[in-house]
Amino acid sequence: MSKISAPKGTRDILPPETAAWQHAEKVFADVCSRYGYQEIRIPTFEQTELFQRGVGDTTDVVQKEMYTFDDKGGRSMTLRPEGTAGVVRSYLENGMASLPSPVRLFYNITAFRYEKMQKGRYREFHQFGCEVFGSEGPIVDAELVSLLDLYFRELGLKETSLRINSIGCPVCRAEYNQKLKDYLAPHLDALCETCQSRYDRNPLRIIDCKETSCKPIVREAPALLDNLCPECQTHFDGFCKHLEELEINYTIDKGIVRGLDYYTRTVFEFVSEHVGTQGTICGGGRYDGLVEQVGGQPTPGIGFALGVERLLMELEQQQAAMPGPARPSIYIAALGDAGDQARKWTWKLRSLGIRAETDLMGRSLKAQMKYAGKQSFRFSTVIGDDEITAGKIRLKDMNEHSESEVSFEQAEALLADHQKQQG
RNA sequence: GUGGGAUUAGCUCAGUUGGUUAGAGUGCCAGAUUGUGGCUCUGGAGGUCGUGGGUUCGAUUCCCAUAUCCCACCCCA
């Protein structure tokens, strides 16, 4: 019989690493709530059609990376490849359009893409994200970026650069696409195979091509940012201005196009050097046409998704201080028949909020002490017949090697106090 | 989807120019005269040498296939 292993592209997240995850999640939820974002939880799978309409039929994600299956009722379902489409569906289905605007939501999800594995890329991966509905102005765009900026700062993440761009609206993009095609037409033969097929379907994506054959041609191509309609230009200028007001550094990168079809106007990425070639830690942008695309009234929206694996990898690279598992406070060694009393007191300590353990293995005193040392308990004590009759224990400080004789009540107060300081 | 590297104990890795019962370090369990940990010493458990074929008297070692992991391309978080 062959061994069963975790499916390709998935991985177990184990202690002590889980402590860093909890920290990242906690700080994210906390920063979001300060900005007025509330958490939404959505299904892990949706009707396949949602992603076809929402993410876009022409994208790589939908064309070849989705985990799609038929359920027993013959309905086509897909494990979510990202979060935005599901949030938009929920926004509409639950009538959130009638909530006071803007509607601010955040989420913490797993997502699934059937891709070849690489550093910082998994088939099941985690994203934190935010979505804002109902506000069209560039202030929201800047607010979202500032939320990320604050989050990164609170985690101690540095050396991450923000790149921004605008990819216009349907009006200016149509004009630009024509202009781009006019420019590319004479070079068409020199472009790579995929770009030749992109020429008719989605010429904008050619800008993003990394093929050596395409790069020199693309470099001279007209940029969408230089061909925005007046409205989009004003919006982009406003976005830049608000970032400057908030003293957030950014670089304009005319090459950012984003891989999902729903983006309009503002697009941005936070990029790092250390996460292999998967340098994008966080990507986002405005999607003013998406709500309508999924079947609602025209509603402006904007959001981002943050790759948690990549974020944690980057934090580790930068050796940012991340908390480890909480250190247990006290080990209660049980001696002989006093085991019952030891367990009883351990349970009481836990009800007082103290991280306490006692023997479960029926081990010798020496072995119990060894365990307490290895698990780095701060305090230990031995409970035997002597302690029970005297009503006093010797509380041992494992750091200082010192012991002090105290009553059970004094020990409880001391431990509670100690753990309050530890958090 | 294309290409390169890897796979031996829970973990990090030796090794056999093809030859009986496959090693180290670390970790785990136990003990060093039965009321006290981190050092030391002793012992123990733990591997069908990724899986399936082939060559051979004999394969963990050579060949082929396959799986998984790592890395790059593409794309993305």
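Residues numbered from 1 in each chain as written. Chains lettered and ligands numbered in written order. Predicted model: local features only at pLDDT ≥ 70, side-chain atom pairs only at ≥ 80, totals over all residues. Heavy atoms only, no water.

K.L.:
Outline the nonpolar core, supporting the account with residue identities and numerical values.
P.N.:
Membership of the largest hydrophobic core comes to 93 residues, with the highest contact counts inside it found for Phe28, Cys130, Phe133, Tyr151, Phe304, Leu306 and Leu311. One finds Ile330, Leu349, Ile354 and Ala356 within the second-largest nonpolar core, a separate group that totals 17 residues. (Core = buried A, V, L, I, M, F, W, Y, C linked by side-chain atoms within 4.5 Å. Buried < 20%, exposed > 50% of the residue type's maximum accessible area, 1.4 Å probe, protein only.)

K.L.:
Which residues make up the environment of Lys158, and what values do they have?
P.N.:
With respect to the secondary-structure elements, Lys158 resides in the loop between helix H5 (138-155) and strand S7 (161-166). Sequence separation between Lys158 and Ser272 is 114 residues; the distance between their C-alpha atoms is 9.2 Å. Discounting chain neighbours no more than four positions away, the residues touching Lys158 are Glu314 and Gln318. (Helix = DSSP H or I, 4+ residues; strand = E, 2+ residues; numbered from the N terminus. Contact = heavy atoms within 4.5 Å.)

K.L.:
Can you explain the packing of helix H1 (residues 17-34) against H5? Please cite residues and give values.
P.N.:
Running from N to C, H1 and H5 cross one another at 140°; their axes reach a closest spacing of 10 Å. Taken together, H1 and H5 sit at an angle that is classed as oblique. Crossing angle aside, the handedness with which H1 passes H5 is right-handed. Contacts from His23, Ala24, Val27, Phe28, Val31, Cys32 and Arg34 of H1 reach H5 at Leu147, Leu150, Tyr151, Glu154 and Leu155. Residues of the contact of H1 with H5, tallied by class, amount to nine nonpolar, one polar and two charged. (Axes fitted to C-alpha atoms, helices over the stretch in contact; angles between N-to-C directions. Parallel < 35°, antiparallel > 145°, perpendicular 65-115°, else oblique. Left-handed = near helix turned anticlockwise from the far one by under 90°. Nonpolar A, V, L, I, M, F, W, Y, C, P; charged D, E, K, R; others polar.)

K.L.:
Provide a residue-level description of the protein's contact with RNA strand B, including the pertinent values.
P.N.:
Around RNA strand B sit 49 residues in total, of which Arg113, Arg258, Gly259, Glu387 and His401 are the nearest. Counting only the atoms of RNA strand B that lie within 4 Å of the protein, the sugar and phosphate share comes to 52%. Between a base nitrogen of RNA strand B and a main-chain N or O atom of Tyr122, the distance comes to 3.3 Å. The side chain of Arg310 places a nitrogen or oxygen atom 2.7 Å from a base oxygen of RNA strand B. The dominant element in the surface near RNA strand B, judged by the number of residues it contributes, is helix H13 (residues 365-374), at six residues. Grouping the constituent residues of the surface near RNA strand B by class yields 13 nonpolar, 13 polar and 23 charged. (Near = heavy atom within 4 Å. Polar contact = N/O pair within 3.5 Å; in protein donor to acceptor, adjacent residues only side chain to side chain.)

K.L.:
Can you explain the pattern of salt bridges? Please cite residues and give values.
P.N.:
This structure, assessed with the given rule, holds 20 salt bridges. Residue Glu49 pairs with Arg53 through a salt bridge whose shortest N-O separation is 2.9 Å. You can see Glu49 and its partner Arg53 sitting in helix H2 (residues 48-54), four residues apart, about one turn around the helix. For Glu49, a relative accessible area of 42% corresponds to the partly exposed category. When its relative accessible area of 37% is taken as the criterion, Arg53 is described as partly exposed. Its salt-bridge partner being Arg163, residue Asp253 comes within 3.9 Å of it at the nearest N-O pair. Separated by 90 residues along the polypeptide, Asp253 in the loop between strand S8 (251-252) and strand S9 (264-271) and Arg163 in strand S7 bring together distant segments of the chain. Since its relative accessible area comes to 27%, Arg163 is described here as partly exposed. Through salt bridges with shared partners, one network takes in Asp30, Arg34 and Glu154. (Salt bridge = Lys/Arg side-chain N within 4 Å of Asp/Glu carboxyl O.)

K.L.:
How would you explain the side chain of Asn165 if you had to name every residue and give the values?
P.N.:
Relative to the assigned elements, Asn165 resides in strand S7. Looking at Asn165, its side chain comes within polar contact range of the main-chain oxygen of Lys254, at 3.4 Å. A polar side-chain atom of Asn165 sits 2.9 Å from the main-chain carbonyl oxygen of Ile256. Setting aside residues no more than four positions away along its own chain, Asn165 makes contact with Leu225, Phe236, Asp253, Lys254, Ile256, Arg265, Thr266 and Val267.

K.L.:
Pulling in residues and values, what's your account of the pairing of strand S12 (residues 330-334)?
P.N.:
Burial analysis of S12 places five of its five residues in the buried class, which makes it a mostly covered element. On S12, burial covers both faces: Ile330, Ile332 and Ala334 on one face and Tyr331 and Ala333 on the other are all buried. In the classification by handedness, the crossover that spans S12, the intervening helix H12 (residues 339-351) and the parallel strand S13 (residues 356-358) is right-handed. Where S12 lies against strand S14 (residues 379-383), five bridges are found, and the strand directions are parallel. Counterpart to Ile332 in the pairing with S14 is Thr381. (Right-handed = clockwise from strand over helix to strand, strands pointing away. Pairing = 2+ DSSP bridges.)

K.L.:
Before we move on, can you summarise the sheet that holds strand S4 (residues 76-79) with the specific residues and values?
P.N.:
Taken together, the three strands give an open sheet; going across it, the order is S2-S4-S3, and neighbouring strands pair in antiparallel fashion. Strands at the two margins of the open sheet, each flanked by one partner only, are strand S2 (45-47) and strand S3 (67-70). Strand-to-strand, the axes of this sheet are offset by a mean angle of 30°, without reference to chain direction.

K.L.:
Could you give an account of helix H11 (residues 308-317), with specific residues and numbers?
P.N.:
For H11, a buried count of eight out of ten residues is recorded, marking the element as mostly surrounded by other parts of the structure. Within the sequence span of H11, burial applies to Val308, Glu309, Arg310, Leu311, Leu312, Met313, Glu314 and Leu315. The inward-facing, buried residues of H11 abut H1, strand S6 (124-133), H5, strand S10 (280-286) and strand S11 (301-307).

K.L.:
Let's hear about helix H4 (residues 84-93): which residues, and what values?
P.N.:
Where burial is concerned, most of H4 is hidden: eight out of the ten residues are buried. Residues of H4 that are buried: Thr84, Ala85, Gly86, Val87, Val88, Arg89, Ser90 and Tyr91. The elements touched by buried residues of H4 are S2, H2, strand S5 (103-112), S6 and helix H10 (290-294). Gly95 sits one or two residues past H4 and shows a positive phi near 60°.

K.L.:
So what's going on with the packing of H5 against helix H9 (residues 230-245)? Residues and values would help.
P.N.:
Running from N to C, H5 and H9 point in directions that differ by 40°, and their axes come no closer than 8 Å. Considered as vectors, H5 and H9 are oriented oblique to each other. When the axes of H5 and H9 are compared, the crossing they make is right-handed. Contacts between H5 and H9 involve Pro138, Ile139, Asp141, Ala142 and Val145 on the former and, on the latter, His235, Gly238, Phe239, His242 and Leu243. Classifying every residue of the contact of H5 with H9 gives six nonpolar, three polar and one charged.

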